[in-house]
Amino acid sequence: MKRRILKTFFPLLLVLAICISLTACNSNSKSNISQNTSTMEPDAGEGSETQIDRRSEIMERSRDEGKFTIYYLDLPTIENAEDKSGDSSLLISPDGKVMLIDAGLSQCAPRIINFLEELGIEKIDYFVASHPHIDHIGGFFGIADKFEIGKVYRNKVEYTTNTYKKFANELESMNIPVKYLEEGDEITFGSEIQIKVYNPPAVIEYPKDYPNNSTQFINDSSIVMKFIYGESTALFAGDIYITRERDLVKAYGDELQTDVIKANHHGADTSNSNRWIKNIQAKIVVAMNDKIDGMSVYNNFIKAGTAYYHTALNGHVKVIMDNQKNYTVINQYDNWNNAAPEKTGN
């Protein structure tokens, strides 16, 4: 299967990545992290003679019973699209509740639907729209046509795009219950997972020229959610930029520390500052994008001792956790960013 790896700059990036991996320091951890390394039938893959595909392992749910599972979906590259493919993450609680965070572009809906159906998902208990950009809510419409949605979490920001207007109208016409999340909220996911909300602020202050030049404002309004399952934690912070990261670190400090995170803003260097990375102290990070924007964010996570995954390189990424800080990562494809399997223990 052909992978979307940087074709022009790949050789140079590969050399840089190897050099960095040789010089990076590993941090001590109280978490147990294992990377699944069992082999499946290989397919031909770009950049290597054989390409292991662990999709069947990712889709296998027998080992997930009673655990918290997160799937970071590899969305397709859409030719001539107005934006990147976007984010979509599927979360399943230990007691079987289903949450979908974001839905990518509209053209991504068929892949997300196929993934859910292959897993045997029949209902989405909660859909979270982290913020109203098209690469996060565009696929909602196709998904809502296929699956019952129990409840929607979103922020209070009103946007002027046709996609947002359609989203708001769809929620109303389908009579889907909606809860607006804001800083300080606490909700539950199933019976065992607590969610703390750190963003957006309770009072939304729109820029003077809104909606002109509003990209950063919309991104900084992203819902920031920390999932707490016993001693295990995971964080989703949408597309917040460095300035908003700084504000949250100043306000909450160590409370934001988490073991598993989604890289902010698709792993771009508009976000994921060193201050944020050092404060979060994550053991596992997954960047979700249909391309690689650059190497600086990767380098900073690696220097911090974080195991780094990227959907453009690793395909679908699955993280399974119990409530005692034990994590198993299954990535669909191996690549230079995680070529050497590692285990970190006490």
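Residues numbered from 1 in each chain as written. Predicted model: local features only at pLDDT ≥ 70, side-chain atom pairs only at ≥ 80, totals over all residues. Heavy atoms only, no water.

### Considering the confidence of the model for the protein chain
When pLDDT is low, close inspection of the predicted coordinates is not appropriate.
Here is step 1 of the chain: Looking at the protein chain, the pLDDT average stands at 87 and 84% of residues meet or exceed 70.
Here is step 2 of the chain: This stretch, residues 4-29, has a pLDDT under 50; its non-local contacts, to residues over four places away or in other chains, come to 36 contacts.
Here is step 3 of the chain: Taken as a whole, residues 37-49 scores under 50 in pLDDT and shows 27 contacts with residues more than four places along the chain or in a different chain. (pLDDT = per-residue confidence, 0-100. Contact = heavy atoms within 4.5 Å.)

### Focus: the packing of aromatic side chains
Here is step 1 of the chain: Taken as a whole and judged by the stated rule, the model has 20 aromatic pairs.
Here is step 2 of the chain: Their ring planes at 90° and their centres at 6.4 Å tell us that Phe68 and Tyr229 sit as a pair that is edge-to-face. Of the two residues, Phe68 is situated in strand S4 (residues 68-72) and Tyr229 in strand S12 (residues 224-229); the sequence distance between them amounts to 161 residues.
Here is step 3 of the chain: Note on Phe68: relative accessible area 0%, which makes it buried.
Here is step 4 of the chain: With centroids separated by 4.9 Å and ring planes inclined at 85°, the aromatic side chains of Tyr298 and Tyr308 adopt a geometry described as edge-to-face. With Tyr298 in helix H10 (residues 296-303) and Tyr308 in strand S16 (residues 307-310), the pair connects residues that are ten residues apart, well separated along the chain. Each member of the pair, Tyr298 as well as Tyr308, is classed as buried.
Here is step 5 of the chain: Members of the aromatic cluster, connected to one another through ring pairs, are Phe68, Tyr72, Tyr126, Tyr153, Phe189, Phe227, Tyr229 and Phe236. (Phe/Tyr/Trp six-rings, centres within 6.5 Å; stacked < 30°, edge-to-face > 60°. Helix = DSSP H or I, 4+ residues; strand = E, 2+ residues; numbered from the N terminus. Buried < 20%, exposed > 50% of the residue type's maximum accessible area, 1.4 Å probe, protein only.)

### What to know about the sheet that holds strand S6 (residues 98-101)
Here is step 1 of the chain: Read across the open sheet, the nine strands follow the order S1-S18-S17-S4-S5-S6-S7-S8-S9; overall the sheet is mixed. A strand with exactly one partner marks an edge of an open sheet, and here the two such strands are strand S1 (32-35) and strand S9 (178-180). Neighbour-to-neighbour, the strand axes of the sheet open up by a mean angle of 20°, direction not taken into account.
Here is step 2 of the chain: Bridge count for strand S7 (residues 123-128) against strand S8 (residues 148-154) is five bridges, and the pairing is parallel. Note that in S8 the partner of Tyr126 across the bridge is Lys151.
Here is step 3 of the chain: Of the strands in this sheet, S4, strand S5 (89-92), S6 and S7 touch helix H3 (residues 109-119), which is tilted by about 20° from S5.
Here is step 4 of the chain: On top of the sheet, helix H6 (residues 162-173) reaches S7, S8 and S9; it is set at about 125° to S8, its chief contact. (Pairing = 2+ DSSP bridges. Axes fitted to C-alpha atoms, helices over the stretch in contact; angles between N-to-C directions.)

### What to know about the pattern of salt bridges
Here is step 1 of the chain: Tallying each qualifying case throughout the model produces twelve salt bridges.
Here is step 2 of the chain: Between Lys123 and Asp125 there is a salt bridge, with the nearest N and O atoms lying 4.0 Å from each other.
Here is step 3 of the chain: Overall, Lys123 belongs to the partly exposed group, its relative accessible area being 33%.
Here is step 4 of the chain: On the accessibility criterion, Asp125 (13% relative accessible area) is buried.
Here is step 5 of the chain: In this structure, Glu255 engages Lys196 in a salt bridge whose closest nitrogen and oxygen atoms are separated by 4.0 Å. Of this pair, Glu255 sits in the loop between helix H8 (242-252) and strand S14 (260-262) while Lys196 sits in strand S11 (residues 193-199), and the two are 59 residues apart along the sequence.
Here is step 6 of the chain: Under the relative-accessibility criterion, Glu255 is labelled partly exposed at 34%.
Here is step 7 of the chain: Residue classification places Lys196 among the partly exposed positions, given a relative accessible area of 23%.
Here is step 8 of the chain: Sharing partners across several salt bridges, the network here consists of Lys123, Asp125 and Glu148. (Salt bridge = Lys/Arg side-chain N within 4 Å of Asp/Glu carboxyl O.)

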